[in-house]
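Examination of the molecular architecture
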Amino acid sequence: MTEETFARRSQPTRGGRRSCLAVLLVLVAVLAVLVLLAVLIGSPGFLSGIGREGARGEGIGVVEVEGVILSSDAVVKELVRFGRDNRVRAILLRIDSPGGGVAASQEIYREVMRTRERKKVVASMGGVAASGGLYVAAAADRVVADPGTLTGSISVIMNLANYEELFRKIGLRSITIKSGEFKDIGSPTRPMTDREKEILQKLVQDMHEQFVQAVAQGRGLPVEKVAALADGRVFTGQEAWRLGLVDELGNFEDAVALAAELAGIKGRPNLIYPRRTRFNMWDLLLGRNQARQMTDWLAHPLRIQYLYAPGL
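Residues numbered from 1 in each chain as written. Predicted model: local features only at pLDDT ≥ 70, side-chain atom pairs only at ≥ 80, totals over all residues. Heavy atoms only, no water.

Below, the discussion takes up the confidence of the model for the chain. The share of residues in the chain with pLDDT of 70 or more is 73%, and the mean pLDDT across the chain is 83. The low-confidence segment residues 39-55 (pLDDT under 50) makes 29 contacts with residues lying over four places distant or belonging to another chain. (pLDDT = per-residue confidence, 0-100. Contact = heavy atoms within 4.5 Å.)

Written out as structure tokens, the structure is:
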């Protein structure tokens, strides 16, 4: 091969240069979009304005409880803020959750009960408002559910894994040094003793009774009636209405109308949603905040929950 031929073949073709330029332009465009999103999402009130109405003037504050209740911080802060905001005449608690942590559910319940002393609170149940979702809803002045809402599951569950057989197969042993007999209760590397089972069952039963008491207090029902329903079964919204766990059947708009009526607002009220905090673009894309909460939740050795999740 002559030097001239080699040089000619080694030169990039015009089509190749165009392809490289096209790829580069696409990458620049994608980067520009990401930067724009980062700026928009980082700006105060960006998320509070999308799909939201009634940002100004008096109206009804909407607090959303969605997904597994891993933490109460955000919901409690929103309730406190709306409770102090003179623009907010009533609060609508929109719940679409199968429940979650015991303490997190109880903290939200307590804040709703405290908020009721200042303003009317209406709970609107979405597709699912079971276990901890119902626990939270029970604290509201009035509860509205769709006929097909899945609710109930008044009960407590604790799931413990045991890896003893797996460890034995792979030749791995766990050595624990402790100062108290029950310090490693629930350990996944050894069988649970009868005494340990008794202790944990008593713990679960105590939290179960707290659940029953809370629903009875919030819904104004006899403890005996709630206790008879508290075997973990789930109800449709229509059945829950017949049982007194729900006040009215209706959708989100019906709940809005009810909250407006209780607050003395005539006509369609403004809906005031919480102003979201500044987001980090990468946290949003990678879901780091949610992932961190979920990791902490899963890593806890004793996950005692007001949760309806039969598939877990």
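With 12 residues, helix H11 (residues 252-263) ought to run about 16 Å at 1.5 Å a step, and its terminal C-alpha atoms sit 16 Å apart, in line with that. Inspection of H11 places Phe252, Ala255, Val256, Leu258, Ala259, Ala260 and Ala263 among the buried residues, and these make up the whole buried set. On its buried side, H11 packs onto strand S1 (59-66), strand S2 (88-97), strand S4 (120-130), strand S5 (142-145), strand S9 (248-249) and strand S10 (270-272). Capping of H11 at its N-terminal end is provided by Asn251; its side-chain oxygen lies 3.1 Å from the backbone amide nitrogen of Glu253. Remark: Gly264 follows H11 within two positions and exhibits a positive phi of approximately 75°. (Helix = DSSP H or I, 4+ residues; strand = E, 2+ residues; numbered from the N terminus. Expected span 1.5 Å × (residues − 1). Buried < 20%, exposed > 50% of the residue type's maximum accessible area, 1.4 Å probe, protein only. Polar contact = N/O pair within 3.5 Å; in protein donor to acceptor, adjacent residues only side chain to side chain.)

Counted residue by residue, S2 has 7 buried out of 10 residues, so it is predominantly covered. The pairing of S1 with S2 spans 8 bridges and is parallel. Bridge pairing links Gly61 to Ile91 in S2. For the segment spanning S1, helix H4 (residues 73-84) and S2, crossover handedness is right-handed. Bridge count between S2 and S4: 7 bridges; the pairing is parallel. Across the sheet, Ile95 pairs through a bridge with Met125, a residue of S4. (Pairing = 2+ DSSP bridges. Right-handed = clockwise from strand over helix to strand, strands pointing away.)

A separate point is a nonpolar patch on the surface. A grouping of Tyr163, Leu166, Ile170 and Leu172 is seen on the molecular surface, where their side chains present a nonpolar patch of about 390 Å² in accessible area. Looking at the secondary structure, you find Tyr163 in the loop between strand S7 (157-159) and helix H7 (164-170). For Tyr163, a relative accessible area of 39% puts it in the partly exposed group. (Patch = residues over 30% accessible without salt bridge, like charges linked within 9 Å, V, L, I, M, F, W, Y side chains within 5 Å. Areas by Shrake-Rupley, 256 points an atom, 1.4 Å probe, with all protein chains shown as cover. Salt bridge = Lys/Arg side-chain N within 4 Å of Asp/Glu carboxyl O.)

This paragraph deals with the nonpolar core. Among the nonpolar cores identified, the biggest contains 52 residues, and Leu79, Leu93, Ile95, Ile108, Met125, Ile154 and Leu245 are the most heavily contacted of them. Top element by residues in this core is helix H8 (residues 194-219). It accounts for 8 residues. Setting aside its immediate chain neighbours within four residues, Leu245 contacts Leu134, Val143, Ile154, Val215, Arg219, Leu221, Leu229, Phe235 and Ala240. Formed by 16 residues, the second largest nonpolar core is a distinct cluster that contains Ala90, Val144, Ala255 and Ala259. (Core = buried A, V, L, I, M, F, W, Y, C linked by side-chain atoms within 4.5 Å.)

Once that is clear, we can look at the pairing of S5. Here 4 bridges tie S4 to S5, and the two strands are oriented parallel to one another. Residue pairing in the sheet places Ala123 in a bridge with Val143 of S5. As for the winding sense of the linkage, the β-α-β connection from S4 through helix H6 (residues 132-137) to S5 is right-handed.

With that out of the way, let us pick up the packing of aromatic side chains. For the coordinates displayed, the defined rule picks out 5 aromatic pairs. Between Tyr135 and Phe211, the ring centres sit 5.0 Å apart and the planes meet at 55°, which makes this aromatic pair tilted. One end of the pair, Tyr135, is in helix H6; the other, Phe211, is in helix H8, with 76 residues separating them in the sequence. Since its relative accessible area comes to 0%, Phe211 is described here as buried. Ring geometry for Phe211 and Tyr306: centres 4.5 Å apart, planes at 50°, overall tilted. One end of the pair, Phe211, is in helix H8; the other, Tyr306, is in strand S11 (residues 303-307), and 95 residues separate them in sequence. The same class applies to Phe211 as to Tyr306, namely buried. Taken together, the ring pairs in this structure connect Tyr109, Tyr135, Phe211 and Tyr306 into an aromatic cluster. (Phe/Tyr/Trp six-rings, centres within 6.5 Å; stacked < 30°, edge-to-face > 60°.)

So, on to the side chain of Ser72. Relative to the helices and strands, Ser72 is located in the loop between S1 and H4. The buried category is assigned to Ser72, whose relative accessible area is 4%. Setting aside its immediate chain neighbours within four residues, Ser72 contacts Ala104, Glu107 and Ile108.

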